[in-house]
Amino acid sequence: SSVMSTGWISIFLDAQAAELGAAPNTLLSYGRDLTDMQSWLELRNSDFTNIGQPEIEAYLLDCKALGLAKSTRARRLSAIKQLYRFAFDEGWRPDNPAMQISSPKLEKRLPKTLEINEVDKLLLAARNFGRNTHDKIRDTCLMELLYATGMRVSELLSLPVSAARGQPEMLLILGKGRKERLVPLSVSAKIALTEWIQLWDLQYEGMEGRGKSKSSYLFPSRGASGFLTRHWFYARIKKLAVFAGVSPAKVTPHILRHVFATHLLAGGADLRSIQTMLGHSDIATTEIYTHVVADHLTKLVVDHHPLSKGRRNSSGKISSEGQ
């Protein structure tokens, strides 16, 4: 092959970034997965150019033996398949040795969710936890926007301040694959956003006079990216949970996206609109939430319906006699 196997990964990643507008997190994940396989091959004096399906299968078995989760192994295989599809298109190989390998079957884990009163406790905690007004208003804005819009955390943290100007009714979000979508804001999210923008402007007043440039982000930070990191927010939301008296094991930044979708569905919104607001490219992804709501409703009936009291059989199902 004209391209050395060691160059495969970087050329592939460059192409993903340039042609598909792949997000930095996606590229990092591909890079890690492919580098892991490359190291595995090097130990066996092999590389991507000269192996076939058996070697790829052996690698995946090794991953399983190491105790890697099905979801991780499925992601590794997906990266390998995409690399070989690219190599085939580029003419580096005449075949795609990964094509026939099927992915480990994933159990569809239902997203965990929070009760409405637990979300209320978290929102209240955001208003009261911070050490000063700035932190309280910032945390409140972060939490209200997440719960009101179901944004991905990376979408929220990298929001440009321009998207939030002029008391908008909707926010324009740049999602996966650089797709834009509009999401409506709740009344409390609009109030939190207005308060934060006022504080944001106060902070930057006079800075330009001192030769400092304003941030273009709604949630600026001094870090390399220029905005607050997912890592920071993950730690922050755990602290808010403890303060709120909600089990921190249940609370992650992503959970508020699930809660948003579940509560919308439970409130009677249709799947198509929820799909649009979440920015899911495939409605099948959105359909997971119908199961969450169905489970929740079943549990409500079982726990609270007078007929179900004392009528459960050994399997926990409600017996139908006398209904």
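Refer to the structure printed above.
Chemist: Break down the pairing of strand β1 (residues 170–174) for me, with residues and values.
Modeler: Only one face of β1 is buried, namely the one carrying Leu171 and Ile173, since none of Met170, Leu172 and Leu174 on the opposite face is buried. Relative to strand β2 (residues 180–184), β1 is paired through 5 bridges, and the arrangement is antiparallel. Looking at β2, one finds that Leu174 is bridged to Glu180. Turn length for the β1-β2 hairpin, with the two strands adjacent in sequence and antiparallel, is 5 residues, and the turn residue Gly177 shows positive phi of about 65°.

Chemist: Summarise the packing of aromatic side chains; cite the residues concerned and give the values.
Modeler: Within the structure shown, the criterion is met by 12 aromatic pairs. Ring geometry for Trp8 against Tyr84: centres 5.7 Å apart, planes inclined by 80°, an arrangement best described as edge-to-face. Linking Trp8 in helix α1 (residues 5–20) with Tyr84 in helix α4 (residues 70–89), this pair joins segments that are 76 residues apart in sequence. Taken as a pair, Trp8 and Tyr84 share a single burial class, namely buried. Taking the centre distance of 6.0 Å and the plane angle of 15° together, the rings of Trp196 and Phe219 count as stacked. Taken as a pair, Trp196 in helix α8 (residues 187–204) and Phe219 in the loop between α8 and α9 (230–244) lie far apart in primary sequence, 23 residues in all. With relative accessibility at 2%, the residue Trp196 sits in the buried group.

Chemist: Before we move on, could you go through α4 and cite the residues and values that matter?
Modeler: Since the α-helix advances by 3.6 residues per turn, residues separated by three or four positions end up pointing in the same direction. Between its first and last C-alpha, α4 extends 28 Å over 20 residues, near the 28 Å set by a 1.5 Å rise per residue. Along α4, the residues that are buried comprise Thr72, Arg73, Ala74, Arg76, Leu77, Ala79, Ile80, Gln82, Leu83, Tyr84, Phe86 and Ala87. One or two positions beyond α4, positive phi appears at Gly91, with a value near 80°.

Chemist: Could you give an account of the side chain of Ser215, naming the residues involved and the relevant values?
Modeler: Relative to the helices and strands, Ser215 is located in the loop between α8 and α9. Apart from residues lying up to four places away in sequence, Ser215 is in contact with Val161, Trp200, Tyr204, Pro220 and Gly226.

Chemist: So what's going on with the nonpolar core? Residues and values would help.
Modeler: Ranked by size, the top nonpolar core spans 54 residues in total, and within it Met143, Leu145, Leu171, Leu193, Leu218 and Phe219 carry the most contacts. Those elements that place two or more of their residues in this core are α5 (116–129), α6 (133–149), α7 (153–157), β1, α8, α9, α10 (255–266) and α11 (271–278). Sort the elements by how many residues they give to this core and α8 lands first, with 8 residues. Within the second largest apolar cluster, 28 residues are counted, among which are Trp8, Phe12, Ala22 and Cys63.

Chemist: Before we move on, can you summarise the environment of Ser247 with the specific residues and values?
Modeler: Mapped onto the fold, Ser247 is located in the loop between α9 and α10. Relative accessible area serves as the criterion here: at 34%, Ser247 is assigned to the partly exposed category. Residues Ser247 and Glu118 lie 129 residues apart in sequence; the distance between their C-alpha atoms is 9.4 Å.

Parameters and conventions
- Residues numbered from 1 in each chain as written.
- Predicted model: local features only at pLDDT ≥ 70, side-chain atom pairs only at ≥ 80, totals over all residues.
- Heavy atoms only, no water.
- Buried < 20%, exposed > 50% of the residue type's maximum accessible area, 1.4 Å probe, protein only.
- Helix = DSSP H or I, 4+ residues; strand = E, 2+ residues; numbered from the N terminus.
- Pairing = 2+ DSSP bridges.
- Phe/Tyr/Trp six-rings, centres within 6.5 Å; stacked < 30°, edge-to-face > 60°.
- Expected span 1.5 Å × (residues − 1).
- Contact = heavy atoms within 4.5 Å.
- Core = buried A, V, L, I, M, F, W, Y, C linked by side-chain atoms within 4.5 Å.

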